[in-house]
Amino acid sequence: MIGRVQDHLEAIYGFTCEARAETFVVDTEAAARLGATGRSDEELLVHEADDALELALYLSPALLDRLKPYEAGPLGYVLDGDLAGYCQVAEGVSHFLYMAHTAAHGRTVSLLELEAQAEVDKFAVCLLHRWGEGVGAWAQELLTRLFDRVSYRDRLSSQERWRYEEANRLSRRFCSRMMTHVAGRRLERLLSDLRYAYRLGAEAKLSHFAHGG
């Protein structure tokens, strides 16, 4: 499942990452040693030393077990059966790929940028799984489920809560604009806009999500 998500995200954004996310997955014990908070089933762990960036991806055993029944079949099944679980894996892979991509280009990344891009990635990867089925109603339902029917953990600090809410607000505005391409069945325009936004950095990306054409 992890590899399939990575392959799909790379196809959407038109690049290939030599590092494979599944080889960086650590178990619960290792994640705790590396500083994981233990508050989530998904967490990207990052350590920067000198010119080296070290990454580890924690996906809880319970989360991965939930998705095992869907590994062999069409990924459309998991969107009906466990959209939340699939999106947690997609978020982890998104974080991993975006960190690797920005590091390869010598760029720093903010936590808000990382979270906002992950929200867009979840929408894009789920949307495009169903593109060939006529996705108008599905796209609107997906937009509502990912951006409107959300809740936040009670243990978040005020700063963390603001970051997740702001990431949701910014990415929702961008994904709402993408709905015009869905309605017009303009796949190439959709991919072009997604790829353009992906390659923007820092404040330019956040501004584009909020106000771009």
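A quick note: this is a predicted structure, and the numbers were derived from the prediction, not measured.

## A short note on the pattern of salt bridges
A pair can form between side chains of opposite charge whenever their charged atoms are brought close. Here the structure, examined in full by the defined rule, presents 14 salt bridges. We note a salt bridge from E22 to R20, for which the minimum N-O separation is 3.8 Å. Given the relative accessible area of 24%, R20 is considered partly exposed. The structure contains a network of salt bridges with shared partners spanning D7, R20 and E22.

## As for the nonpolar core
Among the nonpolar cores identified, the biggest contains 62 residues, and Y13, Y86, F123, C126 and L127 are the most heavily contacted of them. When residues of this core are assigned to domains, at least three fall in each of domain 1 (1-108) and domain 2 (110-212). Excluding residues within four positions of it along the chain, C126 makes contact with L79, L83, Y86, C87, W138 and L142.

## Let's talk about the packing of helix 5 (residues 83-104) against helix 6 (residues 111-129)
At a minimum axis separation of 8 Å, helix 5 and helix 6 run at an interaxial angle of 125°. On the basis of their axis angle, the class for helix 5 and helix 6 is oblique. As for how helix 5 packs across helix 6, the hand of that crossing is right-handed. For the pair helix 5 and helix 6, contact is made by L83, Y86, C87, A90, E91, S94, H95, Y98 and M99 and by E113, L114, E115, Q117, A118, E119, D121, K122, V125, C126 and H129, respectively.

## Remarks on the environment of D121
Counting through the fold element by element, D121 comes out in helix 6. Within the structure, D121 has its side chain in polar contact with the side chain of S94 (distance 2.6 Å).

## Some remarks on the packing of helix 6 against helix 10 (residues 202-211)
Where helix 6 contacts helix 10, the axes come no closer than 10 Å and their chain directions differ by 45°. When the axis of helix 6 is compared with that of helix 10, the two are oblique. Pair helix 6 / helix 10 crosses with left-handed handedness. On the side of helix 6, the interface is formed by L112, E113, A116, Q117 and V120, while helix 10 contributes A202, K205, L206 and F209. Considered class by class, the residues forming the contact of helix 6 with helix 10 number 6 nonpolar, 1 polar and 2 charged.

## Describing helix 6
The terminal C-alpha atoms of helix 6, which comprises 19 residues, lie 27 Å apart, in line with the 27 Å expected from a rise of 1.5 Å per residue. With 18 of 19 residues buried, helix 6 lies mostly within the body of the structure.

## Quick look at the domain arrangement of the protein chain
For the protein chain, the assigned domains read domain 1 (1-108) and domain 2 (110-212). Placing a centre on the C-alpha atoms of domain 1 and another on those of domain 2 gives a separation of 18 Å. At the interface, 26 residues of domain 1 touch 33 residues of domain 2. Here domain 1 packs against domain 2, burying approximately 2700 Å² in sum over the two surfaces, 60% of which is carbon and sulfur. The interface formed by domain 1 and domain 2 includes 4 salt bridges.

Conventions adopted
- Residues numbered from 1 in each chain as written.
- Predicted model: local features only at pLDDT ≥ 70, side-chain atom pairs only at ≥ 80, totals over all residues.
- Heavy atoms only, no water.
- Salt bridge = Lys/Arg side-chain N within 4 Å of Asp/Glu carboxyl O.
- Buried < 20%, exposed > 50% of the residue type's maximum accessible area, 1.4 Å probe, protein only.
- Core = buried A, V, L, I, M, F, W, Y, C linked by side-chain atoms within 4.5 Å.
- Domains from an automatic or database assignment.
- Contact = heavy atoms within 4.5 Å.
- Axes fitted to C-alpha atoms, helices over the stretch in contact; angles between N-to-C directions.
- Helix = DSSP H or I, 4+ residues; strand = E, 2+ residues; numbered from the N terminus.
- Parallel < 35°, antiparallel > 145°, perpendicular 65-115°, else oblique.
- Left-handed = near helix turned anticlockwise from the far one by under 90°.
- Polar contact = N/O pair within 3.5 Å; in protein donor to acceptor, adjacent residues only side chain to side chain.
- Nonpolar A, V, L, I, M, F, W, Y, C, P; charged D, E, K, R; others polar.
- Expected span 1.5 Å × (residues − 1).
- Buried area = accessible area lost by both parts, 1.4 Å probe.

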